[in-house]
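# Structural description and commentary
Listed here are the chains, written in short residue letters.
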Amino acid sequence: MSRYRLLRTTFSFIFALLALLLAGCGSAPVVPTPVEPAPAPPPASIESFEVRLDGGFMLEYQLERQISALNRRSCYFFISGSLLNQSGRTLSKASVLDFIATNQGKQAYRDITNPVAHIAPGTRVGFGLFTSPVFRDGCPSYEKFSVTLRKVFLD
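## Observations concerning the confidence of the model for the protein
In the predicted model, the protein carries a mean pLDDT of 83, and the fraction of residues at 70 or more is 86%. Within the protein, helix H1 (residues 2–23) has the poorest average pLDDT of any element, 70, and strand E1 (residues 45–53) the best, 92.

So this is what it looks like as structure tokens:
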């Protein structure tokens, strides 16, 4: 009799397990809702500037404002350009371009870069691209960018 009871309990257990497994199969399938792709960040805005520096040098640079693709709010800047030597001396690539951005009368950020090569008289050379800090809540406006050139001459 106990063998019969054990067999009946085992079959009952298997039947209950099958009933539970099959109960989930009878419901309607869940159809995932399509996820819309995130909108593209706004295109970068590019401003161009030309600055006459003392000693016969001309700086042309571009300021590119970029909105982050991650959160669509954060902002950062790329600055690139070229330096024209109109003096009679060769400028070393050890010279320093110093950019200072001011906002509401205060320094927002500062960065320095160097020309990528020596600049002979009458030639133009690019300077390395550099990036501003990341601003969390959009692009701040700047009253001005102050640029100075700390010159190192080869001759």
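## As for the state of the cysteines
Inspection of every chain in the model, using the stated rule, returns one disulfide. The side chain of Cys-75 participates in a disulfide bridge whose partner is Cys-139; the two sulfur atoms lie 1.8 Å from each other. Judged by the torsion about the S-S bond (90 degrees), the Cys-75/Cys-139 disulfide is right-handed. With Cys-75 in strand E3 (residues 75–85) and Cys-139 in the loop between strand E6 (124–131) and strand E7 (144–150), this residue pair connects regions lying 64 residues apart in the sequence.

## Focus: the pairing of strand E2 (residues 57–67)
Where burial is concerned, most of E2 is hidden: eight out of the 11 residues are buried. Relative to E2, E1 runs antiparallel, the two sharing nine bridges. Considered in E2, the bridge of Glu-47 is made with Leu-63. Between E1 and the antiparallel strand that follows it, E2, lie three residues; Gly-55 among them carries a positive phi value of about 90 degrees.

Cut-offs and rules
Residues numbered from 1 in each chain as written. Predicted model: local features only at pLDDT ≥ 70, side-chain atom pairs only at ≥ 80, totals over all residues. Heavy atoms only, no water. pLDDT = per-residue confidence, 0-100. Helix = DSSP H or I, 4+ residues; strand = E, 2+ residues; numbered from the N terminus. Disulfide = S-S within 2.5 Å. Buried < 20%, exposed > 50% of the residue type's maximum accessible area, 1.4 Å probe, protein only. Pairing = 2+ DSSP bridges.

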